[in-house]
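# Report on the structure
Now for the letters of each chain:
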Amino acid sequence: MKIVVAITGASGVQLGKKFVEYLPSEIEVHVVVSKNALTVDSFENKKVTLHDSDNIAASISSGSFGVDATAIIPCSMNTLAKVACGISDNLPSRIAAVALKEQKKLLLAPRELPFSAIALENMQKLATLGVIIAPPVMGYYADASSLEEMEKFIIGKWYDVLGIKNNLYERWS
Ligand SMILES: Cc1cc2nc3c(=O)[nH]c(=O)nc-3n(C[C@H](O)[C@H](O)[C@H](O)COP(=O)(O)O)c2cc1C
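Let me sum up the structure you'll find in this document.

Rules and cut-offs
For every chain, the first residue of its written sequence is number 1, and the numbers climb from 1 along that sequence. Residue-level local features of this predicted model are given only where pLDDT is at least 70; pairs of side-chain atoms are given and counted only at 80 or more, and the full residue set underlies all totals for whole chains, interfaces and linings. Put simply, DSSP H or I for four residues or longer makes a helix, DSSP E for two residues or longer makes a strand, and each gets a number counted from the N terminus. Radius of gyration: C-alpha atoms only; globule rule: 2.2 Å multiplied by the number of residues to the exponent 0.38. We call a residue exposed when 12 or fewer other C-beta atoms sit within 10 Å of its C-beta, buried when the count reaches 20 or more, and partly exposed for counts in between; the C-beta positions come from the backbone. Placing C-beta atoms from the backbone, we regard two residues as in contact once those atoms come within 7 Å. Defining nearness, a residue is near a molecule or strand when the C-beta atom obtained from its backbone falls within 6 Å of it. Residues are sorted three ways: Asp, Glu, Lys and Arg are charged, Ala, Val, Leu, Ile, Met, Phe, Trp, Tyr, Cys and Pro are nonpolar, and all the rest, Gly among them, are polar. One requirement defines pairing of two strands: DSSP has to find at least two bridges between them. Looking down the strands as they point away from the viewer, one classifies a crossover as right-handed if the path from the first strand across the helix to the second runs clockwise. Only the stretch in contact is used when a helix axis is fitted, and all axes are lines through C-alpha atoms; the angle between N-to-C directions ranges over 0 to 180 degrees. To sort the angles, those under 35 degrees are grouped as roughly parallel, those over 145 as roughly antiparallel, those from 65 to 115 as roughly perpendicular, and the leftovers as oblique. Crossing handedness is read from the near helix: turned anticlockwise from the far helix by less than a right angle, it gives a left-handed crossing, and turned clockwise, a right-handed one. Under the definition applied here, buried Ala, Val, Leu, Ile, Met, Phe, Trp, Tyr and Cys residues are grouped into a nonpolar core through C-beta atoms within 7 Å. The span one expects for a helix is its residue count, reduced by one, times 1.5 Å. The arc refers to the directions leading from the helix axis to the C-beta atoms.

On to the overall build of the chain, then. Looking only at helices and strands, the chain features five helices and six strands. When the helices and strands of the chain are read in sequence order from the N terminus, they spell out β-α-β-β-β-α-α-β-α-β-α. Since a compact globule built from 173 residues should have a radius of gyration of about 16 Å, the 15 Å found for the chain is in line with a globular shape. Summarising its shape, the C-alpha atoms of the chain cover approximately 45 × 40 × 30 Å along the three principal directions. When each of the 173 residues of the chain is scored for burial, the buried share is 38%. Put simply, 69% of the contacts in the chain that link residues at least 6 apart link residues at least 24 apart.

The structure is reproduced here in structure tokens:
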């Protein structure tokens, strides 16, 4: 499986970073960090390829590269709006446009509180196009007792919808 992860300038950059770190090692991972995201440390997973957010000519910018799934975690309202309008003026917005045109799995984790009506309209529009709108929302049934467990629950749910097997959280039984 080939996955592209974009990290944009919303609160929760560490969630995007951990999403990449917990991925199974057999997955080919490409990462792009928007200029407005906080600086992320180097990734421990050796299979990660980091792309410059301004490099529109990157491999992942083309549908022919053959990505299976794309995730933007966290997704700023700025990037959300660009994706909803079809603007692709940097690599994070371009990879989302590619996923849409190629009809591949696209997961957005919008992070804002509260959401404006504009953001909700953008999410609604994208959801009707099949985009997975999955904000970082805690499920208390997972009985998490630390921030790390809460984050693992959310990341595990993201993996579930993308079809990535995981045991990151306690499932309801
Ligand atoms: C400390 C800080 C926290 C921010 N948190 C959020 C956030 O949670 N959600 C959001 O949509 N924008 C947030 N922003 C604003 C975005 O960073 C800003 O809209 C930026 O243009 C997003 O650019 P990008 O989409 O290219 O990453 C934050 C900005 C700062 C400085």
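As a further point, take unusual backbone geometry. Look at the link from Ile-73 to Pro-74: it is a cis peptide, with omega at -15°. Relative to the elements of secondary structure, Pro-74 occurs in strand 4 (residues 69-75). A cis amide bond links Leu-113 with the next residue in sequence, Pro-114, at an omega value of -5°. Note that Pro-114 resides in the loop between strand 5 (105-110) and helix 4 (117-128). Even without being glycine, Gln-103 reaches a positive phi, approximately 55°. In this structure, Gln-103 sits in the loop between helix 3 (91-101) and strand 5. Notably, Asp-143 is not glycine yet its phi reads approximately 55°, a positive angle.

With that settled, consider the site of the ligand. Not every one of the 13 residues close to the ligand is listed here, only the nearest: Thr-8, Gly-9, Ala-10, Ser-34 and Asn-36. Along the lines of polarity and charge, the residues of the shell around the ligand split into three nonpolar, eight polar and two charged.

Turning to the pairing of strand 2 (residues 28-33), a few remarks are in order. In terms of burial, strand 2 is a largely internal element, five of the six residues being buried. Strand direction decides the pairing type here: strand 1 (residues 2-7) and strand 2, joined by six bridges, are parallel. Paired with Lys-2 across the two strands is Glu-28, which belongs to strand 2. Handedness of the strand 1-helix 1 (residues 13-21)-strand 2 crossover: right-handed. Pairing between strand 2 and strand 3 (residues 48-51): four bridges, direction parallel. The partner of Val-32 across the bridge, within strand 3, is His-51.

A word on the packing of helix 1 against helix 5 (residues 147-162). The interhelical angle for the contact between helix 1 and helix 5, taken along N-to-C directions, is 60°, at an axis separation of 10 Å. Accordingly, the angle class assigned to the pair helix 1 and helix 5 is oblique. For the pair helix 1 and helix 5, the crossing hand works out as right-handed. The residues of helix 5 that touch helix 1, namely those facing Leu-15, Lys-18 and Phe-19, are Glu-151, Ile-154, Ile-155 and Trp-158. Counted by class, the contact of helix 1 with helix 5 contains five nonpolar, no polar and two charged residues.

The biggest cluster of nonpolar side chains holds 44 residues, and the ones touching the most others in it are Val-5, Ala-71, Ile-72, Ile-73, Ile-95, Leu-108 and Trp-158. Top element by residues in this core is helix 5. It accounts for six residues. Sequence-distant contacts of Ile-95, defined by excluding residues within four places in its chain, comprise Val-4, Ala-6, Val-32, Ile-60 and Thr-70.

Counted at 1.5 Å a residue, the expected span for helix 4 with its twelve residues is 16 Å, and the 16 Å between its end C-alpha atoms agrees. If you check which residues of helix 4 are buried, you get Asn-122, Met-123 and Leu-126. What you see down the axis of helix 4 is that its buried residues fit within an arc of 95°, all on one side. In this structure, helix 4 carries Ala-117, Gln-124, Ala-127 and Thr-128 as exposed residues pointing more than 90 degrees from its buried face. Tucked into the core, helix 4 has its buried residues touching helix 2 (77-85), strand 5 and strand 6 (132-133). Of the residues trailing helix 4, Gly-130 is marked for its positive phi of about 95°.

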